[in-house]
Amino acid sequence: RKEVEQDPGPFNVPEGATVAFNCTYSNSASQSFFWYRQDCRKEPKLLMSVYSSGNEDGRFTAQLNRASQYISLLIRDSKLSDSATYLCVVAFRGRDDKIIFGKGTRLHILP
Amino acid sequence: DTGVSQDPRHKITKRGQNVTFRCDPISEHNRLYWYRQTLGQGPEFLTYFQNEAQLEKSRLLSDRFSAERPKGSFSTLEIQRTEQGDSAMYLCASSDQGLQPQHFGDGTRLSIL
């Protein structure tokens, strides 16, 4: 099993729809979780951290399920500007800290 | 601008040449990371520094790759005897503490002819 796995997509979603992505991770000792957004040929930018109790930032909701070892990202009322690749990031402390990026899920919002 | 900066933005070189990239992290961040990203993939971890100490190196980092952060501020990544497979975007990121969110620079796009 890969350390961090994401459905690569692409997800083609009409504007205004709700879309959800999952990301699974293999290391049960993982401690920190993030969603990053990456536009084509740009650097990744932090979208939101993911907290154990779940958290919301405007139209974006992130959840963590430790028992099943996955995190999710929900985007409501999607906008054309949400079109991007969404990267799942998992971090854990070992002998050295490890930060693992997923390959990303591509999202296309259709007008 | 107090974000992470990388130089150069683009580098085109012939196979076999040496290249060096520079990263200036956010000044108060003591963690600095290097990643490599190819098309359709997420960033792949190469190495990271806690201040001037290099704490971990990925198996991806062959003997031709070396990174330094001599004074715990900026860092350099050198690739010797470049190969076609080295063509990629090289991203630098910094963070305040170990598992905190990282802030990325714009990256250096390397093309090997």
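Asker: Can you walk me through the packing of aromatic side chains in this structure?
Answerer: Remark: the centre distance and the inter-plane angle together describe each pair of aromatic rings, the angle taken between the planes. Scanning the entire structure with this criterion turns up 14 aromatic pairs over all chains. Measuring from centroid to centroid gives 5.6 Å for Tyr-36 of chain A and Phe-101 of chain A, while their planes differ by 50°, and the two rings are tilted. Of the two residues, Tyr-36 of chain A is situated in strand S4 (residues 32-38) and Phe-101 of chain A in strand S10 (residues 97-101); the sequence distance between them amounts to 65 residues. For the pair formed by Tyr-36 of chain A and Phe-101 of chain A, the shared burial category is buried. The lysine or arginine in question, Arg-22 of chain B, covers the ring of Phe-74 of chain B, its NZ or CZ lying 3.8 Å from the ring centre.

Asker: Looking at this structure, I do not really get the pairing of strand S8 (residues 75-79) of chain B. What am I missing?
Answerer: Within a regular beta strand, the side chains point alternately toward one face of the sheet and then the other, so they alternate between its two faces. Residues and elements named next belong to chain B. A one-sided burial pattern is seen for S8, the buried positions being Ser-75, Leu-77 and Ile-79 and the unburied ones Thr-76 and Glu-78. Summarising the sheet, strand S3 (residues 19-24) and S8 pair through 5 bridges and their orientation is antiparallel. Note on S8: the bridge partner recorded for Arg-22 is Thr-76. Where strand S7 (residues 65-68) folds back on S8, the antiparallel hairpin that results is connected by 6 residues, among which Gly-72 adopts a positive phi of roughly 75°.

Asker: Would you mind going over the interface of chain A and chain B with me for this structure?
Answerer: Accessible area lost upon the coming together of the parts serves often as the stated size of an interface. The interface of chain A with chain B comprises 21 residues on the first partner and 22 residues on the second. Carbon and sulfur atoms make up 53% of the area that chain A and chain B hide from each other, which totals about 1800 Å². Inspection of the chain A/chain B interface yields 1 salt bridge. Residue Asp-97 of chain A pairs with Arg-31 of chain B through a salt bridge whose shortest N-O separation is 2.9 Å. On inspection of chain A and its partner chain B, the count reaches 5 residue pairs in polar contact (both at pLDDT 80 or more).

Asker: Sorry, what's going on with the confidence of the model for chain A here?
Answerer: When pLDDT is low, close inspection of the predicted coordinates is not appropriate. For chain A, the mean per-residue pLDDT works out to 93, and 100% of the residues sit at or above 70. No element of chain A has a lower mean pLDDT than S10 of chain A, which averages 88, and none a higher one than strand S7 (residues 60-65) of chain A, which averages 97.

Basis of the calculations
Residues numbered from 1 in each chain as written. Chains lettered and ligands numbered in written order. Predicted model: local features only at pLDDT ≥ 70, side-chain atom pairs only at ≥ 80, totals over all residues. Heavy atoms only, no water. Phe/Tyr/Trp six-rings, centres within 6.5 Å; stacked < 30°, edge-to-face > 60°. Helix = DSSP H or I, 4+ residues; strand = E, 2+ residues; numbered from the N terminus. Buried < 20%, exposed > 50% of the residue type's maximum accessible area, 1.4 Å probe, protein only. Lys NZ or Arg CZ within 6 Å of the ring centre and 35° of its normal. Pairing = 2+ DSSP bridges. Contact = heavy atoms within 4.5 Å. Buried area = accessible area lost by both parts, 1.4 Å probe. Salt bridge = Lys/Arg side-chain N within 4 Å of Asp/Glu carboxyl O. Polar contact = N/O pair within 3.5 Å; in protein donor to acceptor, adjacent residues only side chain to side chain. pLDDT = per-residue confidence, 0-100.

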